Structures are given as structure tokens and as C-alpha cells.
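Survey of secondary and tertiary structure
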Amino acid sequence: DRARGAHRQAASVLCSRTYRTGYQVELFSASRKMTETTFDVGMTCGGCSGAVKRILGKFDGVSNIDANLETKKVVVTHDDTVKKEEMLEKLLKWSAASGKSVALAS
């Protein structure tokens, strides 16, 4: 199990670093349940959506981020190691600096 954990950690780091370069990698694991969390974000431009993607892309366990400027929704696909409250906390910090609204979607 130690080796398996090390492989998961290495894969997670690889995905995170790959995402930051503009590419996406999706890993599938039978032991991790994938979840979608949706945020309402007052994004007004590509800079906003890029900032949101960079912030959320730093979380190990995030496999995809869809930021839609028209609907002002951000859908994050992640495994069970990522807590929506932690993502919200990071987005609220950005919100305070940018003046953009952020909330968990209902």
C-alpha cells in the first residue's frame, strides 16, 4: 500500500503540473470517488476565469475545471481528498482582492 500511495501522489503532482502548462490530464482510479462541485463566480473576463482555474488547479485531486463566463459557473471535478470548503476558502481570498463574487452553487 505504501508503493500505491507513492504512485498516486506522483500521478497527482504530474497532473497538477501538467494542468498549469495549459493541458489537462484525467486519471481514473477505482479507489477514488470523483465528485463535481459547482461555484457561482462573478467572472467578467478571461483573466478572471484564468485566475480561478489557476487557484483551483493547485489542489491535488482536481482533475478538471470548467469555467463558463456566460453562466458565471465554475464546475470542478475532483476526488474525495479535495474538500469544497477548502476550495471555497481560496476562492473567497481571491474574491476579496478582486471584488468579484464567489459562492457555492445551490
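The structure reproduced in this document is the subject of the present report.

Rules used throughout
Residues numbered from 1 in each chain as written. Predicted model: local features only at pLDDT ≥ 70, side-chain atom pairs only at ≥ 80, totals over all residues. Heavy atoms only, no water. Helix = DSSP H or I, 4+ residues; strand = E, 2+ residues; numbered from the N terminus. Buried < 20%, exposed > 50% of the residue type's maximum accessible area, 1.4 Å probe, protein only. Contact = heavy atoms within 4.5 Å. Areas by Shrake-Rupley, 256 points an atom, 1.4 Å probe, with all protein chains shown as cover. Pairing = 2+ DSSP bridges. Axes fitted to C-alpha atoms, helices over the stretch in contact; angles between N-to-C directions. Core = buried A, V, L, I, M, F, W, Y, C linked by side-chain atoms within 4.5 Å. Expected span 1.5 Å × (residues − 1). Arc of directions from axis to C-beta.

This paragraph deals with the overall build of the protein. The helix and strand inventory of the protein stands at three helices and four strands. Counting helices and strands in the order they occur from the N terminus, the protein gives α-β-α-β-β-α-β. For the protein, with 106 residues in total, the buried portion stands at 35%. The long-range share in the protein, meaning contacts at least 24 apart out of those at least 6 apart in sequence, stands at 62%. Of the roughly 6,800 Å² of accessible surface on the protein, 52% is carried by carbon and sulfur atoms.

All right, on to the sheet that holds strand β4 (residues 102-104) then. Ordered by their spatial adjacency, four strands build an open sheet running β2-β3-β1-β4, and the pairing between neighbours is antiparallel. Across the chains shown, the open sheet's two edge strands, defined by having one partner strand only, are β2 (62-68) and β4. The sheet shows a mean angle of 20 degrees between the axes of neighbouring strands, direction not considered. Sheet topology note: the β2/strand β3 (residues 73-78) ladder contains six bridges and is antiparallel. Paired with Asn64 across the two strands is Thr77, which belongs to β3. On the sheet, helix α2 (residues 46-57) packs against β1 (35-41), β2 and β3 and is oriented at approximately 165 degrees with respect to β2. Helix α3 (residues 84-98) contacts β1, β3 and β4 of the sheet and is inclined by roughly 165 degrees relative to β4.

Before going further, it helps to examine the pairing of β1. Taken residue by residue, a regular strand's side chains alternate between the two faces of the sheet. Of the pairings in the sheet, the one linking β1 to β3 comprises six bridges and is antiparallel in character. Along β3, the bridge assignment pairs Asp40 with Lys73. Where β1 lies against β4, three bridges are found, and the strand directions are antiparallel. Its bridge partner being in β4, Asp40 is matched across the sheet by Ala103.

Its identity is not glycine, yet Lys72 carries a phi of approximately 60 degrees, on the positive side. Relative to the helices and strands, Lys72 resides in the loop between β2 and β3. You can call Lys72 partly exposed: its relative accessible area is 34%.

If you look at the biggest cluster of nonpolar residues, it comprises 20 residues, and the most contacted ones within it are Phe39, Val41, Val52, Leu56, Val74, Val76 and Trp94. Listed by contribution, the elements that provide at least two residues to this core are β1, α2, β2, β3 and α3. The element that contributes the greatest number of residues to this core is α2, accounting for five residues. When near neighbours in sequence (up to four residues on either side) are disregarded, Leu56 contacts Val62, Ile65, Val74, Val76, Met87 and Leu91.

The next subject is α3. The end-to-end C-alpha distance of α3, which contains 15 residues, comes to 21 Å, matching closely the 21 Å that a straight helix rising 1.5 Å per residue would cover. All buried positions along α3 are accounted for by Met87, Leu88, Leu91, Trp94 and Ser95. Here the buried residues of α3 occupy an arc of 120 degrees about the axis, which is enough to place them on one side. For α3, exposure combined with an orientation more than 90 degrees from the buried face picks out Glu89, Lys93, Ala96 and Ala97. Looking one or two places after α3, you find Gly99, whose phi comes out positive at around 80 degrees.

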